[in-house]
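Chains, contacts and geometry: an overview
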Amino acid sequence: IRLGGHEWIPIGTKASHFMGIFDGNGYFIEDFSITKHHDPDPHAHYAALFGTVSGSPTIKELTIQKAEIVYPGEGDFYGSGLIGTAYGNVTIEKVTVKDSYISGNNKVAGLLAHDGGVSSLNIDNCHVDNCVIESLNETDGGNVGGLVGLFQGVAKKEGEAAPYGEH
């Protein structure tokens, strides 16, 4: 799906999260931008294909390419190629973000900008290739990552007990 550089309005807002299954069936979504604030809440800056997800969402079998995601304002920003912020039991499978530019001041990544409160996060066979992912935050670095910008949960391998008795 070629979007011709058009401004994308993220799926899911602070008040109305995406909670379903999105199967991209191996398709590409390419050449879109997010350069404006779209959430009805003036303090919510979720800039990604999916702005906010919760419940038990699954996003799979998708390639995002040639995206330009640039937050032009101040304050917290949850910007990535795929998900701005996530809650619940989130699964991301076989997703690639490539040849994209993602820039903001805080919580910036290729796949998931911000773990807002995930119970479990399963990222399987996902890639971020040939992307510029940057923070303009000169104070504390801005929580930037290739796959995930800010993860507040407990990381463990499949089948392994969570450290310190946490789950």
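Scroll up to find the structure.
One structure accompanies this document, and this report is about it. All of these numbers come straight from a predicted model, not from anything done at the bench.

Attention now moves to the overall build of the chain. Looking only at helices and strands, the chain features zero helices and 15 strands. Restricting the contact set of the chain to residue pairs at least 6 apart, pairs at least 24 apart contribute 83%. On the chain, roughly 8500 Å² of surface is accessible, and the fraction owed to carbon and sulfur atoms is 48%.

Take the packing of aromatic side chains next. Aromatic ring pairs are defined here through the distance separating the ring centres and the angle between the ring planes. Scanning all chains against the criterion turns up four aromatic pairs. An aromatic cluster is defined as three or more aromatic residues linked by ring pairs; in this entry it consists of Phe18, Phe22 and Phe50.

Attention shifts here to the pairing of strand β11 (residues 112–124). Judged from the ten bridges that link them, strand β8 (residues 83–98) and β11 form a sheet pairing that is parallel. Counted as the bridge partner of Val90 is Leu121 from β11. Strand direction decides the pairing type here: β11 and strand β15 (residues 148–150), joined by two bridges, are parallel. The partner of His114 across the bridge, within β15, is Leu150.

On to the side chain of Thr91, then. Along the chain, Thr91 falls in strand β8. Exposure remark for Thr91: the relative accessible area of 18% places this residue in the buried category. Excluding its chain neighbours within four sequence positions, the residues that come into contact with Thr91 are Pro57, Thr58, Ile59 and Asn122.

A word on the sheet that holds strand β9 (residues 101–104). Read across the open sheet, the four strands follow the order β2-β6-β9-β13; overall the sheet is parallel. Edge positions in the open sheet fall to β2 (33–34) and β13 (132–135), since each of these has one partner strand only. Bridge count between β2 and strand β6 (residues 68–70): two bridges; the pairing is parallel. Bridging across to β6, Ser33 finds its partner in Glu68.

Time to look at the side chain of Asp115. Structurally, Asp115 can be placed in strand β11. For Asp115, the side chain forms a polar contact with the main-chain nitrogen of Gly117, separated by 2.9 Å. With residues up to four places along the chain from it excluded, the contact list for Asp115 reads Thr85, Ala86, Leu150, Phe151, Gln152 and Gly153.

Positive phi values are uncommon outside glycine, yet Lys66 reaches one of about 60°. Relative to the helices and strands, Lys66 is located in the loop between β5 (58–65) and β6. Look at Lys94: it is not a glycine, yet its phi comes out positive at around 50°. With respect to the secondary-structure elements, Lys94 resides in strand β8.

About the cut-offs
- Residues numbered from 1 in each chain as written.
- Predicted model: local features only at pLDDT ≥ 70, side-chain atom pairs only at ≥ 80, totals over all residues.
- Heavy atoms only, no water.
- Helix = DSSP H or I, 4+ residues; strand = E, 2+ residues; numbered from the N terminus.
- Contact = heavy atoms within 4.5 Å.
- Areas by Shrake-Rupley, 256 points an atom, 1.4 Å probe, with all protein chains shown as cover.
- Phe/Tyr/Trp six-rings, centres within 6.5 Å; stacked < 30°, edge-to-face > 60°.
- Pairing = 2+ DSSP bridges.
- Buried < 20%, exposed > 50% of the residue type's maximum accessible area, 1.4 Å probe, protein only.
- Polar contact = N/O pair within 3.5 Å; in protein donor to acceptor, adjacent residues only side chain to side chain.

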